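Structural characterization, general
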Amino acid sequence: WQRGPQLVGERSEMKRDVRILLLGEPKVGKTSLIMSLVGEEFPELVPLRAEEITIPADVTPEKVPTHIVDYSGANVVKYVYGFRSYVSASAIPIILVGNKSDLRSGSSMESILPIMNQFSEIETCVECSAKNLKNISELFYYAQKAVLHPTAPLYDPEDKQLKRQCVRALSRVFSISDQDNDHILSDAELNCFQKLCFGNPLAPQALEDVKTVVWKNTSDGVQDNGLTLNGFLFLNTLFIQRGRHETTWTILRKFGYDDTLELTDDYLYPPLRVSVGCTTELNHRGHQFLQKLFDKYDEDKDSALSPAELKNLFSILPYMPWGPEVYSNVPLSDDNYISQHGYFCQWMLSAYLDVHRCLEHLGYLGYPILMERESQTSAITVTREKALDLEKRQTQRTVFLCKVIGPRGTGKTDFLQAFLQRSTERNERDPGPPTIYAINTVSVANQEKYLIEVDVETEFLKAADAACDVACLMYDVSDPDSFNYCASIYKQHYMDSGIPCVVVGSKADLIEVKQHHGMSPSEFCYKHRLPSPLRFSMLLTHTHTHIYSKLTWAAMYPYKHCLLTLKICRCKIKMSLLGWMHVTKVTRNAEHLNGSDMSSTSFWLRVTLGATIAAMLGFALYRACSRHK
């Protein structure tokens with residue numbers, strides 16, 4: 001046995017194939033084993049060394065291509081001892097093969113057990129005979145199985161228990177499968193789990209037999225006629241001890257794990273193409289999954305997640321994905337918990353700002369498993385390019401980005417918190433950690449849309465930093481130097497960008513002072529064809545909804561925003577024309593009184609006024625059209 005051939009298996013993760021290397025001293029029957037497997041009979045003439053052979057996937061039990069390599073050389077035992085350090089480092093499984101069993105009666109398995117206990121790399125031992133074709137196919141099947149379903153990552157034969165990494169992975173599997181979060185797998189949940197992993201539900205009697213085995217061998221494996229986590233772990237331990245490693249591996253791979261019991265990159269980070277000008281949002285499938293998740297962990301059914309409930313929800317992740325800033329990003333319940341509405345707002349914010357991180361979180365939480373989808377990308381909608389939306393003059397997007405721009409001290413933080421419907425008293429009582437984001441829903445034209453507001457204080461480094469769906473230019477009505485900043489930002493980044501802008505004067509409850517800018521905010525808006533400035537105060541709550549609706553409307557309909565500003569221009573030009581008509585009427589009256597002396601003067605006055613009005617109208621139309629192309 002000690003000098004018999006050894007099979008060392010290696011699997012390529014990329015090609016998903018198995019390579020089996022036969023090691024052993026000369027004359028132990030390595031080449032005969034290969035020839036007997038291929039020819040299905042013992043060869044009369046055995047070459048010194050067999051060429052590498054490949055067994056096609058369709059004729060192997062595991063449906064994986066298998067390559068068998070014969071090794072011949074002197075002093076093999078010494079080589080094998082030196083080989084152990086490589087095998088240990090690379091976690092390659094070993095099978096001990098006792099060939100020529102036809103030359104002796106009885107079994108030598110008892111003498112091999114100490115060797116197996118000494119070397120944990122040895123998966124199993126097989127007695128065979130190349131001459132009698134005994135256990136030849138089984139030998140290579142076990143070799144293939146040792147590669148595809150290795151014992152080493154799962155089980156410690158010395159301690160006779162699952163390894164820590166395996167317990168962690170199976171605990172996540174249990175948590176995802178426990179759909180009502182009662183810490184017990186009911187018959188319905190077990191059948192759902194069985195069908196998910198193996199394609200068919202268990203028969204009622206088989207289900208009872210499983211629970212009976214667990215109940216007889218554990219003190220707490222069965223509770224309320226369901227399987228506990230300890231019972232689930234015991235069941236997998238039993239599978240491994242009985243040589244059914246493939247059962248546990250089928251479960252683990254279904255839930256995204258690789259041979260090192262880590263979730264694969266393909267599972268956590270499925271490819272998702274997002275072109276320039278497109279955004280990412282959670283769709284109805286993502287919303288459906290997250291609703292089930294919320295209901296599962298909202299244990300007191302108060303439509304909010306307490307810190308403990310939120311921690312439990314994310315307990316199967318290796319880290320807490322939502323930091324303390326989430327309490328400043330979204331609407332909260334009266335107890336300052338994450339409300340159901342705030343919960344969906346935060347997921348929408350995550351999908352919009354960092355969709356690949358969002359996909360990772362959905363993967364950890366089991367979205368593709370529970371929703372029976374190929375990957376969690378099915379929870380995400382990639383919107384069409386914004387330029388196409390403008391061309392079509394319509395959009396299907398539900399999430400819009402607003403940058404709130406103004407100098408420090410303007411009141412932008414209050415503006416964001418008011419968007420989350422928080423009063424000054426509440427902010428002073430529970431200020432929460434600082435954040436630059438706030439997200440909430442706004443109703444526009446009987447549609448619920450998400451608006452993300454971003455607090456921007458510093459000068460933009462490049463034009464791309466100014467990109468958004470709508471810009472909110474905020475100044476302090478009580479600070480005479482405040483508007484200069486907004487005017488500068490507008491001229492530098494937004495005047496010819498096509499991005500709608502809304503000017504907001506904050507601290508409207510204070511006395512308004514004259515701005516040191518060359519013109520007043522109203523005059524500035526009139527000159528640049530912007531809507532008149534809006535007024536905001538944290539103390540005047542009746543103004544809040546109107547402002548956020550205006551911002552969302554401008555983001556949804558930038559072309560209508562352009563038409564609105566043109567309409568305002570036309571109204572003001574109309575007023576000028578009415579004034580001109582009044583002047584003309586006065587001039588005609590003067591002509592009537594003074595005769596022909598006034599005719600020449602009135603003519604040139606009318607020409608001058610007409611030319612001025614025509615120039616104003618033409619220039620306004622030109623600027624508006626060129627700006628929104």
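Residues numbered from 1 in each chain as written. Predicted model: local features only at pLDDT ≥ 70, side-chain atom pairs only at ≥ 80, totals over all residues. Heavy atoms only, no water.

Some details on the overall build of the chain
Helices and strands together make up the secondary structure of the chain, namely 24 helices and 20 strands. When burial is assessed residue by residue, the chain has 48% of its 629 residues classed as buried. Pairs at least 24 residues apart make up 69% of the contacts formed inside the chain by residues separated by at least 6 positions. On the chain, roughly 32,300 Å² of surface is accessible, and the fraction owed to carbon and sulfur atoms is 54%. (Helix = DSSP H or I, 4+ residues; strand = E, 2+ residues; numbered from the N terminus. Buried < 20%, exposed > 50% of the residue type's maximum accessible area, 1.4 Å probe, protein only. Contact = heavy atoms within 4.5 Å. Areas by Shrake-Rupley, 256 points an atom, 1.4 Å probe, with all protein chains shown as cover.)

So, the layout of surface pockets
Size it by volume and the second largest pocket reaches roughly 500 Å³. Surrounding the second largest pocket, 24 residues form its lining, R168, S171, R172, S315 and I316 being those nearest its centre. When contributions to the lining of the second largest pocket are tallied by element, the ones reaching two or more residues are α5 (164-177) and α11 (284-297). Here the element with the most residues in the lining of the second largest pocket is α5; it accounts for six residues. Tallied by class, the residues present in the lining of the second largest pocket amount to eleven nonpolar, seven polar and six charged. (1 Å grid on protein atoms, 1.4 Å probe; cavity = no way out; pocket = protein on both sides within 12 Å on 5 of 7 lines; lining within 4 Å. Points joined across faces, edges and corners; volume = space filled by probe spheres on them. Nonpolar A, V, L, I, M, F, W, Y, C, P; charged D, E, K, R; others polar.)

A look at the packing of aromatic side chains
Within this structure, the stated rule accounts for 18 aromatic pairs. Between Y475 and F483, the aromatic rings sit 5.2 Å apart at their centres with planes inclined by 80°, giving edge-to-face as the arrangement. An aromatic cluster is present here, built from F294, F314, W322, Y343, F344 and W347 joined pairwise through their rings. (Phe/Tyr/Trp six-rings, centres within 6.5 Å; stacked < 30°, edge-to-face > 60°.)

Some points on helix α22 (residues 544-556)
If you check α22, its first and last C-alpha atoms are 19 Å apart, about what 13 residues at 1.5 Å a residue would give, namely 18 Å. What α22 keeps buried is the set H544, I547, Y548, L551, T552, A554, A555 and M556. (Expected span 1.5 Å × (residues − 1).)

Quick notes on the environment of F42
Positionally, F42 belongs in the loop between α1 (30-39) and β3 (53-55). Note: C-alpha distance between F42 and A130 (88 residues apart in sequence) is 6.3 Å.

Notes on the environment of Y343
When you line up the elements, Y343 lands in helix α14 (residues 340-353). Remark: the alpha-carbon pair of Y343 and P331, spanning twelve residues in sequence, is separated by 8.5 Å. Among residues more than four places away in sequence, those in contact with Y343 are L290, L293, F294, L305, L313, W322 and I338.

Observations regarding the sheet that holds strand β15 (residues 399-405)
If you walk across this open sheet you meet the six strands as β16-β17-β15-β18-β19-β20, and the pairing is mixed. Of all strands in the sheet, those bounded by a partner on one side alone are β16 (437-444) and β20 (534-535). When β16 meets strand β17 (residues 447-456), the two strands line up antiparallel, connected through eight bridges. What sits directly across from S443, in β17, is E448. Lying over the sheet, helix α20 (residues 482-494) contacts β15, β18 (470-476) and β19 (501-506), oriented at roughly 160° with respect to β18. (Pairing = 2+ DSSP bridges. Axes fitted to C-alpha atoms, helices over the stretch in contact; angles between N-to-C directions.)

Some thoughts on the nonpolar core
Counting residues in hydrophobic clusters, the biggest one holds 98 residues, and the most contacted among them are Y343, W347 and Y494. The dominant element in this core, judged by the number of residues it contributes, is α14, at eight residues. Residues F400, C402, V442 and A554 belong to the second largest nonpolar core, which totals 28 residues. (Core = buried A, V, L, I, M, F, W, Y, C linked by side-chain atoms within 4.5 Å.)

What to know about the side chain of K449
By the secondary structure assignment, K449 is in strand β17. Although K449 is buried, it makes no salt bridge; E281 carries the closest opposite charge, 7.4 Å away. Within the structure, the side chain of K449 is placed 3.0 Å from the backbone oxygen of R397, a separation counted as a polar contact. For K449, the side chain forms a polar contact with the side chain of Q447, separated by 3.3 Å. With near-sequence residues (within four places) excluded, K449 lies in contact with R397, T398, F400, N440, T441, V442, T552 and M556. (Lys, Arg positive; Asp, Glu negative; His and termini not counted. Salt bridge = Lys/Arg side-chain N within 4 Å of Asp/Glu carboxyl O. Polar contact = N/O pair within 3.5 Å; in protein donor to acceptor, adjacent residues only side chain to side chain.)

Quick notes on the pairing of strand β4 (residues 66-70)
It is a general feature of regular strands that their side chains alternate between the two faces of the sheet. Burial of β4 is extensive: five of the five residues sit out of reach of the surface. The alternating pattern of β4 places T66, I68 and D70 and H67 and V69 on opposite faces, both of which are buried. With three bridges joining them, β3 and β4 adopt antiparallel strand pairing. Paired with T54 across the bridge in β4 is H67.

Things to note about a negative patch on the surface
Residues E299, D300, D302, D334 and D335 make up a contiguous surface patch of negative charge. Within the secondary structure, E299 sits in the loop between α11 and β12 (304-305). A residue is classified by how much of its surface remains accessible, and E299, at 48% relative accessible area, is partly exposed. (Patch = residues over 30% accessible without salt bridge, like charges linked within 9 Å, V, L, I, M, F, W, Y side chains within 5 Å. Charge placed at Lys NZ, Arg CZ, Asp CG, Glu CD.)

Section: the packing of helix α6 (residues 187-198) against helix α7 (residues 204-217)
At a closest axis distance of 11 Å, the pairing of α6 and α7 adopts a crossing angle of 105°. Viewed along their axes, α6 and α7 adopt a mutual orientation that is roughly perpendicular. Of the residues in α7, those touching α6 at D187, L190 and N191 are L207, E208 and K211. Residues of the contact of α6 with α7, tallied by class, amount to two nonpolar, one polar and three charged. (Parallel < 35°, antiparallel > 145°, perpendicular 65-115°, else oblique.)

Description of empty space enclosed by the protein
Applying the stated criterion across every chain yields a total of three cavities of 30 Å³ or more. Taken as a whole, the largest cavity encloses approximately 80 Å³ of empty space. Forming the boundary of the largest cavity are K386, D389, L390, Q394, T395, R397, F400, D469, A555, M556, P558 and Y559. Every element with two or more residues in the lining of the largest cavity is listed here: α17 (386-392), α22 and α23 (558-594). Tallying contributions element by element places α17 first for the lining of the largest cavity, with three residues.

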